[in-house]
Amino acid sequence: MTLPIPQYLPDPADDAQLIADFEAHVNPALATVLKFIGFDATESYARGSLVFDSHGRKYLDCLGGYGTMSLGHSHPHVVEAVKTQLERMSQSSRVLFNGPQAKLGKKLAEIAPGDLQYAFFCNSGTEAAEAAIKFARIATGRTRLVSTVGAYHGKTTGALAVSGRDKYKKPFAPLLPDVVSVPFNDIAALEAAVDENVAAVLLEPIQGEGGIIVGTDDYLRAAREICDKTGALLVCDEVQTGLGRTGKMWGCDWAGVAPDMMLLAKALSGGVVPIGAVLGTPRVWEFWQENPLIHSSTFGGNPLACAAGLAAVEVIENESLVARSLTQGEKLMARLQQTQAKFPQCVKEVRGRGLMIGVEFGHEDVTSLVLTGLAQRDVLVVPYTFNNPTVSRFEPALNISDDEIDWAANAFEEAVAQTAMLIEDIDMDESHGEEAAPED
Ligand code: PLP
């Protein structure tokens, strides 16, 4: 894709002030981390897979807002749809019928698995998880929730309760009661935990923040059967895996499983306007009959977000991005695996599906060194996974070009080679990194 010359670059002098202001008024600790990695400018302009900072430095974005930029930054079709909607009406009166919501709801029902006919719209993944927890409880009249070790569903209190890792949970305890956490990919543990008291089982088809752990097809199928047997609802969190990221439209398509509810966010509006959604079956949606406003969000499903959502799905279909995710994912994965084979002392494993790729390093410090090396080569990857600090992620745009894959893969090889030389002198066992395995 030919890119326009970057515009809107702020004066670097103003930029130094912006960084100081960020440190003084937003998040001092994060500012320290970013400076340590070597970032000294604000992001200013982005198109496709490229991001430019205020000094005009060009980066290859292989993290894309943690898997949000599936279409690349500012896809013109989505931007145009948002501009058109902006001219008409940006936010809803919330009293009259909301047309863009109806269009997006219908489109999602068409492409979703099974009979996920209805959509509740919100603004983020964590709000989708909160809503699904409430929906599961009211729809079943049960309270217990079963989630998995290493799971990530967001950082609001309900979503956090069904997520893994004490580091993010303990400071906010007590969270929601009646939550049971079972090891991921363990059918027997799931079977033992799920009975007639369970409202829902929440699963990511691939655990993203848990360190790109692919749920086996047998596991997802067993989860479906166990839920059917006990009357628990199966909730698939497709916030990261959905809309082509894994090389199929939905992560659960790999197992041919249709959930009772599905959570969406991130790529749903092409990364242009925040949006989240819970899709549900007619059986689940019955509870709305009692009170159509039993759950709501002022900005959820606003016209701008839904116009962006519809346009984003059109791009995914028209540009065959699901198939492209699979082919480009195979190319990138093969290249990263070649590096792994050359430097097994640094890289333990490269795994994933489509363009949701995790790289597991031998030690947390190796992760930091390689990520710094990638940043030096202008490649942005997910710096850490919340629940597994030895795993980094590549989640580039699904339309990433072959040249961009070469850029990412070459930079990775160089950064790993540089790290391999450095760690020859360091006894990794002596440094005290965090345990790779999630703590709860
Ligand atoms: N669910 C999954 C699987 C996620 O990966 C995330 C975010 O990374 C969330 C939920 C939370 O989404 P958000 O950050 O939009 O609240």
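Keep in mind that what you see is a predicted model, and the values were worked out from it rather than measured. (Residues numbered from 1 in each chain as written. Predicted model: local features only at pLDDT ≥ 70, side-chain atom pairs only at ≥ 80, totals over all residues. Heavy atoms only, no water.)

With 13 residues, helix α14 (residues 364-376) ought to run about 18 Å at 1.5 Å a step, and its terminal C-alpha atoms sit 19 Å apart, in line with that. Restricting attention to buried positions, one finds in α14 the residues Val366, Thr367, Val370, Leu371, Thr372, Gly373, Leu374 and Ala375. Buried positions along α14 lie against α2 (28-37), β14 (356-361), β15 (379-380), β16 (391-394) and α15 (402-423). One or two positions beyond α14, positive phi appears at aspartate 378, with a value near 65°. (Helix = DSSP H or I, 4+ residues; strand = E, 2+ residues; numbered from the N terminus. Expected span 1.5 Å × (residues − 1). Buried < 20%, exposed > 50% of the residue type's maximum accessible area, 1.4 Å probe, protein only. Contact = heavy atoms within 4.5 Å.)

This part covers the environment of histidine 77. Note that histidine 77 resides in helix α4 (residues 76-88). On a C-alpha basis, the gap between histidine 77 and glutamine 207 in space is 30 Å, while along the polypeptide they are 130 residues apart.

Residues in close proximity to the ligand include Ser124, Gly125, Thr126, Tyr152, His153, Gly154, Glu204, Glu209, Asp237, Val239, Gln240 and Lys266, which together make up its full environment. Within the complex, 84% of the 390 Å² of free accessible area of the ligand lies under protein. For the shell around the ligand, the class distribution of residues is 2 nonpolar, 6 polar and 4 charged. (Near = heavy atom within 4 Å. Areas by Shrake-Rupley, 256 points an atom, 1.4 Å probe, with all protein chains shown as cover. Nonpolar A, V, L, I, M, F, W, Y, C, P; charged D, E, K, R; others polar.)

Below, the discussion takes up the domain arrangement of the protein chain. We note that the domain assignment places domain 1 (12-74 + 320-430) and domain 2 (76-318) within the protein chain. On a C-alpha basis, the centroid separation for the pair domain 1 and domain 2 is 27 Å. Counting residues at the interface gives 33 residues for domain 1 and 39 residues for domain 2. For the pairing of domain 1 and domain 2, the buried interface totals around 3000 Å² over both sides, and the portion due to carbon and sulfur atoms is 57%. (Domains from an automatic or database assignment. Buried area = accessible area lost by both parts, 1.4 Å probe.)

Looking now at the pattern of salt bridges. Going through the model one piece at a time under the given rule, you end up with 20 salt bridges. For aspartate 218, the salt bridge is made with arginine 221, and the minimal N-O distance between the two is 3.6 Å. Taken together, the residues span about one helical turn, with aspartate 218 and arginine 221 both in helix α10 (residues 217-230) at a distance of 3 residues. Among the charged side chains, a salt-bridge network with shared partners connects Lys348, Glu349, Arg351 and Glu360. (Salt bridge = Lys/Arg side-chain N within 4 Å of Asp/Glu carboxyl O.)

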